[in-house]
Each structure stands twice: as structure tokens, then as C-alpha cells.
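This is what each chain is made of:
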Amino acid sequence: MALVRKGSRRIVVDGTAYRWRLRGRPTYLQGLAWSPCTFAVEHADTPGMTLVVTTDRPHSSNWFGREAEPVLPSDVAAAVRLALRKGWTPTAPGSAFHLDESAGFTPSN
């Protein structure tokens, strides 16, 4: 499943180009701050297996104004490196590779 180009950002990690995208609007559960923010990453030139990263923070556009740190390019680069160590093959075809970094996330009441 390829990322939509509109709204995606380019990042180079260890000499390899990727594109990443964070949903501009939160899902319903993210809006309520019941589930954490996620973002997706794919190889820029040969999209294959998409990396889906679940963070440990609420979506910055949650509806209750819950304080949230933005996802920075350095966070994306760290997630890409970790996923590669865990077996993500970005140019291989296949279903999404999920990286769960949500330990420590506390949903809103």
C-alpha cells in the first residue's frame, strides 16, 4: 500500500531516501486522545512494504487540547533505523510492517 504523495515529506536516513506522512486530522480515537499518534514511512524510489509506527504520544490535533510533542524528522529517522534492525524490508512487497512504540502512552479518560 503506497503512501499518498500529497502531504508526505522526504527524509534521508543513512543515505537512503524515504517518504513519511502523518495524518493531518486525527482519527476519532486519536481525537479523543484514546489512542496514540501514528505515522507511515516508505522507500522514496521503490515503494514496497510500508512502515506504520505507533508513537507514545497523543496526536497534536486532539480535540481536548491534550499536550503533545510533534513528530520530528529525528523521530522518523530513529524509527526507520529501529524497524530496519527488526526486519523491515522497505523495497520488498508485502503488507505493512508495524512498529509499536506506544509503551508509556496513557489514554485520556
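Our subject is the structure that appears above.
Quick notes on the rules
- Residues numbered from 1 in each chain as written.
- Predicted model: local features only at pLDDT ≥ 70, side-chain atom pairs only at ≥ 80, totals over all residues.
- Heavy atoms only, no water.
- Pairing = 2+ DSSP bridges.
- Helix = DSSP H or I, 4+ residues; strand = E, 2+ residues; numbered from the N terminus.
- Right-handed = clockwise from strand over helix to strand, strands pointing away.
- Expected span 1.5 Å × (residues − 1).
- Contact = heavy atoms within 4.5 Å.
- Axes fitted to C-alpha atoms, helices over the stretch in contact; angles between N-to-C directions.

(A) The arrangement of the pairing of strand β4 (residues 51-54) in detail. For strand β3 (residues 38-43) and β4, the ladder comprises 4 bridges, and the chain directions are antiparallel. Residue F39 lies in a different strand from β4, and its bridge partner there is V53. Bridge count for β4 against strand β5 (residues 97-100) is 4 bridges, and the pairing is parallel. For L51, the partnering residue across the bridge sits in β5 and is F97. This β-α-β element, β4 to helix α2 (residues 73-85) to β5, shows left-handed connectivity.

(B) Molecular detail of α2. If you check α2, its first and last C-alpha atoms are 19 Å apart, about what 13 residues at 1.5 Å a residue would give, namely 18 Å. Along its buried surface, α2 packs onto β1 (9-13), β2 (16-22), β3, β4 and β5. Of the residues one or two after α2, G87 is the one with positive phi, at around 110°.

(C) Structural context of the sheet that holds β3. Read from one edge of the open sheet, 5 strands run β1-β2-β3-β4-β5, paired in mixed fashion. A strand with exactly one partner marks an edge of an open sheet, and here the two such strands are β1 and β5. Ignoring which end each strand starts from, the neighbouring axes of this sheet average 30° apart. Here 5 bridges tie β2 to β3, and the two strands are oriented antiparallel to one another. Across the sheet, residue L22 finds its bridge partner in β3, namely F39. Where α2 meets the sheet, its contacts fall on β1, β2, β3, β4 and β5, and the angle it forms with β1 comes to roughly 55°.

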